[in-house]
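# Fold and contact review
Listed below, chain by chain, are the residues.
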Amino acid sequence: MLEQKEIEVVNKDILVEEFNDNSESVKLTNENIIRNTSYNQKEILRNIMKLYNNNEPFECDITASTLKFYQKNKGEEYDIPLPKHLFDVYPQSDNIKQIVPFQKLPLEDNSVGSIVFDPPFVISPKTSKSIIENKDNSCLIHKRFASFYPVSELYYNYYWWIQESYRSLKENGIFIVKCMSTVSGGYQHNSEEFVFMTAMSMGFYCVDKFILQSKARLVSSCKYKKQCHARKYTSVFYVFQKSPKMLNKYNYFDLIKQMKDTNLEGMVWEIK
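Quick caveat: nothing in here was measured; it's all calculated off a predicted structure.

You will see that N54, though not glycine, has its phi angle at about 55 degrees, which is positive. Within the secondary structure layout, N54 lies in the loop between α1 (41–52) and β5 (60–61). On the basis of relative accessibility, which here comes to 67%, the residue N54 falls in the exposed class. The backbone of N110 shows a phi angle near 55 degrees, a positive value even though the residue is not glycine. Relative to the helices and strands, N110 resides in the loop between β7 (97–98) and β8 (112–117).

A few words now on the pattern of salt bridges. Under the definition given, this model contains 4 salt bridges. Among the salt bridges present, the one from E164 reaches R167, with a minimum N-O distance of 2.7 Å. Here E164 and its partner R167 are both found in helix α4 (residues 151–168), 3 residues apart, which amounts to about one turn of the helix. Here E164 and R167 have matching classes, each one buried. Each of D109, E164 and R167 takes part in one network of salt bridges that share partners.

In this section: a nonpolar patch on the surface. A cluster of nonpolar side chains, contributed by Y252, L255, I256, M259, L264, M267 and W269, occupies part of the molecular surface with about 760 Å² of accessible area. Mapping L264 onto the fold places it in the segment after α7 (252–260). L264 sits in the partly exposed class, given a relative accessible area of 45%.

About the cut-offs
Residues numbered from 1 in each chain as written. Predicted model: local features only at pLDDT ≥ 70, side-chain atom pairs only at ≥ 80, totals over all residues. Heavy atoms only, no water. Helix = DSSP H or I, 4+ residues; strand = E, 2+ residues; numbered from the N terminus. Buried < 20%, exposed > 50% of the residue type's maximum accessible area, 1.4 Å probe, protein only. Salt bridge = Lys/Arg side-chain N within 4 Å of Asp/Glu carboxyl O. Patch = residues over 30% accessible without salt bridge, like charges linked within 9 Å, V, L, I, M, F, W, Y side chains within 5 Å. Areas by Shrake-Rupley, 256 points an atom, 1.4 Å probe, with all protein chains shown as cover.

Take a look at the structure:
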């Protein structure tokens, strides 16, 4: 366990924390510390590998798609190794095995140490006129990603694959979920929070959360009288752990139930 040994003020903007893990000292600064925000999703994945996967490659990706997470382009700093198990509902290459919604992953119970899940977030009818006509400048977001319709299809699919990932992971295995809330039909759909609630209800403990920022987004060509919701320029990388021990210690569902069953009016905490 890391023990704080010293806090040194370098200047008013930078704090250096020196820790001792019984092997070597590490100095952390605002320049080298791992942050919870980034404009680069590969940087986030690399940091998750470093913090939670012993710098080892992720073992399984159930939404491998076009392997964007693992393609190293010229000049890129971060290299994410290809997982051993690659699956997708719509595989885009021969080395990716097809999986089917509401059918089990081809993995044994408690068999893998890490799983990556980056599901589609777009809600759009697959039979709408604009999609069938397939005009060049229409439905750009739908064409880049698979989509769900109706909205319940998204939630049911998320639930199923989170459940299957929990079944397939070893104890203390990690589950990395990239997700993004969206707006459809004039309603805000908080799918990020749904992922968190679903994972916690199944037994996952959330060990960390990273925010991927974007400087630009695709904008729908539809003409609205006014903008009713903020355009989403962030998405979330949750890091969950299959850890019954930690969940028993920090189970928000149990905590909220306890609060509901307790008369809180006039409560005073005793400071010990």
